[in-house]
Amino acid sequence: MRKLLQGTAWAAWAALALALCVTAASAQTSAQADYPSRPIKMYVPFPPGGGIDVTARIAAEKLSEILGQQIAIINQGGGGGAIATDTVVRADPDGYTLLYHSVTGITHAAVTQDLSYDWLRDLAPVSLIARFAPVMIVTPSLPVKTMADFIALLKANPGKYSYGSSGTGTAVHLATELFKEKAGVDIVHVPYRGTVAVLPDLISGRVAMMIDGVPAETKNIQNGVVRALAVTTATRSPSIPDVPTMREVGLDYEVPFWTGLYAPIRTPQAIIDRLSAAANRAMHDPAVAKRLGDIGTEGVGSPPAELDAATREQFALYRKIVRDNPALLSGQ
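This is a predicted model, so every value here is computed, not measured. (Residues numbered from 1 in each chain as written. Predicted model: local features only at pLDDT ≥ 70, side-chain atom pairs only at ≥ 80, totals over all residues. Heavy atoms only, no water.)

All right, on to the overall build of the chain then. Each helix and strand in the chain was counted, giving twelve helices and eleven strands. Counting across all 332 residues of the chain, residues that qualify as buried make up 53%. By sequence separation, contacts in the chain at least 24 residues apart represent 76% of the contacts at least 6 residues apart. (Helix = DSSP H or I, 4+ residues; strand = E, 2+ residues; numbered from the N terminus. Buried < 20%, exposed > 50% of the residue type's maximum accessible area, 1.4 Å probe, protein only. Contact = heavy atoms within 4.5 Å.)

Printed below as a string of structure tokens:
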């Protein structure tokens, strides 16, 4: 009799456990089916007003319309993007906390050893959002009109001039170091907290040069506030069509910039797919394409696998740059 009662009790517990599991699974399925049912936070690790922030806001506006919920932009800079990235990595993987980041943050993660997260392990790719050309700009006070003029000036004055970047170990920093190698010049690195902070010193002539995204600099170039020498992509930017590519000015140099949307790694695949489909639809909307095109940016929208491949490609590129010159990260 005791064994029978024990068996009955275990059966009851098993039935209860199964019922709880079924209930939890049902609740999870329902939550995924209803997604999104409340506003979504999108962390942007850059100050308001910069090129990445502008593209994030254009994307968020259309995504809010498609998903039926507001996507709130949260600008959280610092640490080369690490602070915002860590916030998203630690968030509940429910699709309500997302990261909108660029090549800059991925580069920082690729070459920094002591981060609290592993980008490839802790973040789930959702979609490529936009592509845009980086452009090399110089202060108008320099006596140069072309890239050939600038390279000749640097070679005649090694170590005299400086360039600004968005921080040590960022894509802007390492892309410029790659330019130095390709051009055979010596120009001193001065790190800032974002390219927006570099601009006043560039305009005044305190630093001679910077690489920045075309979206942030189109108006400055058109208004003559800064002088553009070349873009670093394979083709010219439609918003500044008179500016040549690096290859057109004789340098074997190509560095693309893009932005992507990520979620915490355990976010359900159904939610990832919902977000990816919404991003694809948003980025191919004619009005969005027009707004992005006006600032020299191409809307993309992609499956998660395409963003994953692009991310891994950037990891390989910038790790090689640092491996070939490890002193870069020490500020030397």
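A word on the layout of surface pockets. The calculated volume of the largest pocket comes to roughly 620 Å³. Around the largest pocket sit 35 residues that line it, and F46, P47, S166, G194 and T195 are the ones nearest its centre. For the lining of the largest pocket, the secondary structure elements donating two or more residues are helix 2 (51–67), strand 3 (97–102), helix 8 (195–204), strand 8 (209–213) and helix 9 (214–222). Looking at the lining of the largest pocket residue by residue, the class counts come to 13 nonpolar, 18 polar and four charged. (1 Å grid on protein atoms, 1.4 Å probe; cavity = no way out; pocket = protein on both sides within 12 Å on 5 of 7 lines; lining within 4 Å. Points joined across faces, edges and corners; volume = space filled by probe spheres on them. Nonpolar A, V, L, I, M, F, W, Y, C, P; charged D, E, K, R; others polar.)

Take the pairing of strand 9 (residues 227–231) next. Each regular strand shows side chains that alternate between the opposite faces of the sheet. Taking burial as the measure, the five residues of strand 9 include five buried ones, the bulk of the element. Where strand 5 (residues 134–138) meets strand 9, four bridges bridge the pair, whose relative direction is antiparallel. Residue pairing across strands places I137 opposite A228, the latter belonging to strand 9. (Pairing = 2+ DSSP bridges.)

By definition, the strands of a sheet pair up through backbone hydrogen bonds, in either a parallel or an antiparallel sense. Judged by pairing direction, the sheet is mixed, and its six strands sit side by side in the order 2-1-3-10-4-11 without closing on themselves. Of all strands in the sheet, those with a lone pairing partner are strand 2 (71–75) and strand 11 (297–299), marking the two edges. Across the sheet, the mean angle from the axis of one strand to that of its neighbour is 30°, orientation sign disregarded. When strand 3 meets strand 10 (residues 257–264), the two strands line up antiparallel, connected through four bridges. When the bridges of strand 10 are listed, H101 appears paired with G260. Its contacts with the sheet put helix 3 (residues 82–90) on strand 1 (40–44), strand 3, strand 4 (123–132) and strand 10, and the angle it makes with strand 3 is roughly 145°. (Axes fitted to C-alpha atoms, helices over the stretch in contact; angles between N-to-C directions.)

Throughout the structure, instances matching the rule amount to four aromatic pairs. Taken together, a centroid distance of 6.1 Å and an interplanar angle of 85° make the contact between F132 and F257 edge-to-face. Note that F132 is positioned in strand 4 and F257 in strand 10, a separation of 125 residues in sequence. The pair formed by F132 and F257 is uniform in burial state, with each residue classed as buried. With centroids separated by 6.5 Å and ring planes inclined at 85°, the aromatic side chains of F179 and Y253 adopt a geometry described as edge-to-face. Taken together, the residues F179 in helix 7 (residues 171–183) and Y253 in the loop between strand 9 and strand 10 connect sequence positions 74 residues apart. (Phe/Tyr/Trp six-rings, centres within 6.5 Å; stacked < 30°, edge-to-face > 60°.)

What follows covers helix 9. V214, P215, E217, T218, N220 and I221 are the residues of helix 9 that are buried. Following helix 9 by one or two positions, G224 adopts a phi angle in the positive range, close to 80°.

Counted under the stated rule, the structure contains 16 salt bridges. Notably, a salt bridge pairs R57 with D53, separated by 2.9 Å at the nearest N-O pair. With a gap of four residues between them, R57 and D53 both fall in helix 2, about one helical turn apart. Here R57 falls in the partly exposed class, since its relative accessible area comes to 38%. For the salt bridge of K320 with D324, the shortest nitrogen-to-oxygen distance reads 2.8 Å. You can see K320 and its partner D324 sitting in helix 12 (residues 304–324), four residues apart, about one turn around the helix. (Salt bridge = Lys/Arg side-chain N within 4 Å of Asp/Glu carboxyl O.)

Keep in mind that these numbers describe shape and distance, not what the molecule does.
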